[in-house]
Amino acid sequence: MIIVMAPGASEKQVQGVLDRLEARGYGHHISAGVERTIIGAIGANEREKQQVAEQLSQLPGVERVVPILKSFKMVSRDHHPNGTIVKIGEAEFGPGHLGVIAGPCTVETEKQLMDAAKAVKAAGAHVLRGGAFKPRSSPYDFQGLREEGLELLAKAGKEFGMPTITEAMEPRQIELVAQACEAIQIGARNMSNFDLLREAGATGRTIVLKRGFASTVEEWLKAAEYIATTGNLNIILCERGIRSFDTVTRFTLDLAGMAAAKLETHLPIIVDPSHATGTHKLVAPMSLAAVAGGADGLMIEVHPHPDQARCDGPQSLTPKRFAVLMEQIRQVSKVIEANR
Ligand code: PEP
Ligand code: MN
């Protein structure tokens, strides 16, 4: 449940609420705004919620108590109605801040990664991506450079002054990724790997949580809640397409799902048009549609030579196409921001 303190409630009154929560064995999360403090109480079971809410609403300094009967609460928009900004390094994602993550699908060679990093940085991307541990559908496909890939990514990030992100597929990779990168990606295939989510959350690093391609928006938000229960609210959600009957695109980009999720959660949501569509020809139109539709950022695959890529070449933009798209994104974003 969420305890909204009255404007000007004293520290003692806030502490009084915390003491009461502690006495009942509940956890809490405090959000101290300029005007008022909001306390999220964690651990009340559904049966006692209404009763406890009524009791807490009597305490001095409490304006109101909202019992949340949803299966996600820390990530619920009720908690921060205006949305939150989440950072990857210095890059910001959230209201008023459109973040762009770009880079190759997979780290292949030092030259490939450096060329990609140089190009996406020059075009204005904020975060460098590149897969080191790759979840490939076939075990015979290139699985990534693994630890060597992490080293190259960290090197490229340093050289071009960009924070980096890469995917961790299992708990043993979490620490390695957390040491090398500013953000940990949880891929679509692992969205419901709850131990992995907890392990990733516990590092305190920013987590980019991709939507499982057979997961509902509610399941996606509950997965984010798993991360939030570790006390880490540095979470960015990423819509990357879901499976549908139509094979005209690789997946079906669910922009309505993105917009619907934004109504439910305060967390920033970005869109990955590369994996969603599977073709570079649709990356620009879907990027612009996502930004126009309120996405807080994008994740775009860029390869210096898509025709030589070892993975996802057909959906990768050339540096030149990416630079043009970045300019279009800035224009669309400006219009949306000016009329927010
Ligand atoms: C990726 O971004 O490298 C990736 C594998 O994406 P997804 O988990 O969305 O398939
Ligand atoms: Mn890819």
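Use the structure listed above.
The structure displayed is predicted, hence computed values, not measured ones.

Attention now goes to the overall build of the protein chain. Within the protein chain one finds 11 helices and 14 strands. Relative to the globule expectation of 20 Å for 340 residues, the C-alpha radius of gyration of the protein chain, 21 Å, shows essentially globular dimensions. Taking all 340 residues of the protein chain together, 52% fall into the buried category. If you take every contact in the protein chain between residues at least 6 apart in sequence, the share linking residues at least 24 apart comes to 67%. When the accessible area of the protein chain is evaluated, it comes to approximately 15,000 Å², of which 51% is carbon and sulfur surface.

This part is about the packing of helix α4 (residues 147–160) against helix α5 (residues 171–180). At a minimum axis distance of 9 Å, the contact between α4 and α5 shows a crossing angle of 20 degrees. As judged from the angle between their axes, α4 and α5 are roughly parallel. Of the two elements, α4 crosses α5, and the hand of that crossing is right-handed. Listed contacts from α5 to Glu147, Leu150 and Ala154 of α4 are Leu176, Val177 and Ala180. Partitioned by chemical class, the residues of the contact of α4 with α5 number 5 nonpolar, no polar and 1 charged.

The next point concerns the pairing of strand β1 (residues 2–5). Residues Ile2 and Val4 point to one face of β1 and Ile3 and Met5 to the other, with burial holding for every one of them. Pairing between β1 and strand β4 (residues 62–66): 4 bridges, direction antiparallel. The residue bridging isoleucine 3 from the neighbouring strand is valine 65, located in β4. Sheet topology note: the β1/strand β3 (residues 37–42) ladder contains 3 bridges and is antiparallel. Opposite isoleucine 3, over in β3, you have isoleucine 39 as the bridge partner.

Glancing now at the pairing of strand β10 (residues 183–186). Of the two faces of β10, both are covered, the one formed by Ala183 and Gln185 as well as the one formed by Ile184 and Ile186. The pairing of strand β9 (residues 164–167) with β10 spans 3 bridges and is classified as parallel. What sits directly across from isoleucine 165, in β10, is alanine 183. Handedness of the crossover joining β9 and β10 through α5 is recorded here as right-handed. Looking at chain direction, β10 and strand β11 (residues 206–210) are connected through 4 bridges and run parallel. Bridge pairing links isoleucine 184 to isoleucine 207 in β11. Remark: the β10/helix α6 (residues 194–202)/β11 crossover connection has right-handed handedness.

This part covers the coordination of the manganese ion (ligand 2). Looking at the manganese ion (ligand 2), the protein donor atoms are Cys105 (SG), His275 (NE2), Glu301 (OE) and Asp312 (OD), and they sit 2.0 to 2.4 Å from it. On the primary sequence, the residues serving as donors to the manganese ion (ligand 2) are separated as C-x169-H-x25-E-x10-D. Of this pair, cysteine 105 sits in the loop between β7 (99–103) and α3 (110–123) while glutamate 301 sits in strand β14 (residues 297–301), and the two are 196 residues apart along the sequence. Since its relative accessible area comes to 1%, glutamate 301 is described here as buried.

So, about the environment of valine 65. In this fold, valine 65 is placed in strand β4. Taking relative accessible area as the criterion, valine 65 reaches 14% and is therefore assigned buried. With 62 residues separating them in the primary sequence, valine 65 and isoleucine 3 have C-alpha atoms 4.5 Å apart. Once you skip the residues sitting within four places of it in the chain, valine 65 turns out to touch Met1, Ile2, Ile3, Ala53, Leu56 and Ser57.

Below, the discussion takes up helix α1 (residues 11–23). Across its 13 residues, α1 extends 18 Å between first and last C-alpha, which sits within 8% of the 18 Å expected from 1.5 Å per residue. For α1, every residue scored as buried is listed here: Val14, Val17, Leu18 and Leu21. Summarising the axial view, the buried residues of α1 lie within an arc of 100 degrees, below the 170-degree limit, and thus occupy one face. Exposed residues lying more than 90 degrees from the buried face of α1 are Lys12 and Ala23. The first or second residue beyond α1 is glycine 25, which carries a positive phi of 85 degrees.

The rules behind these values
Residues numbered from 1 in each chain as written. Chains lettered and ligands numbered in written order. Predicted model: local features only at pLDDT ≥ 70, side-chain atom pairs only at ≥ 80, totals over all residues. Heavy atoms only, no water. Helix = DSSP H or I, 4+ residues; strand = E, 2+ residues; numbered from the N terminus. Rg over C-alpha atoms; globule rule 2.2 N^0.38 Å. Buried < 20%, exposed > 50% of the residue type's maximum accessible area, 1.4 Å probe, protein only. Contact = heavy atoms within 4.5 Å. Areas by Shrake-Rupley, 256 points an atom, 1.4 Å probe, with all protein chains shown as cover. Axes fitted to C-alpha atoms, helices over the stretch in contact; angles between N-to-C directions. Parallel < 35°, antiparallel > 145°, perpendicular 65-115°, else oblique. Left-handed = near helix turned anticlockwise from the far one by under 90°. Nonpolar A, V, L, I, M, F, W, Y, C, P; charged D, E, K, R; others polar. Pairing = 2+ DSSP bridges. Right-handed = clockwise from strand over helix to strand, strands pointing away. Donors = N, O, S within 2.8 Å, 3.2 Å for Na, K, Ca; no water. Expected span 1.5 Å × (residues − 1). Arc of directions from axis to C-beta.

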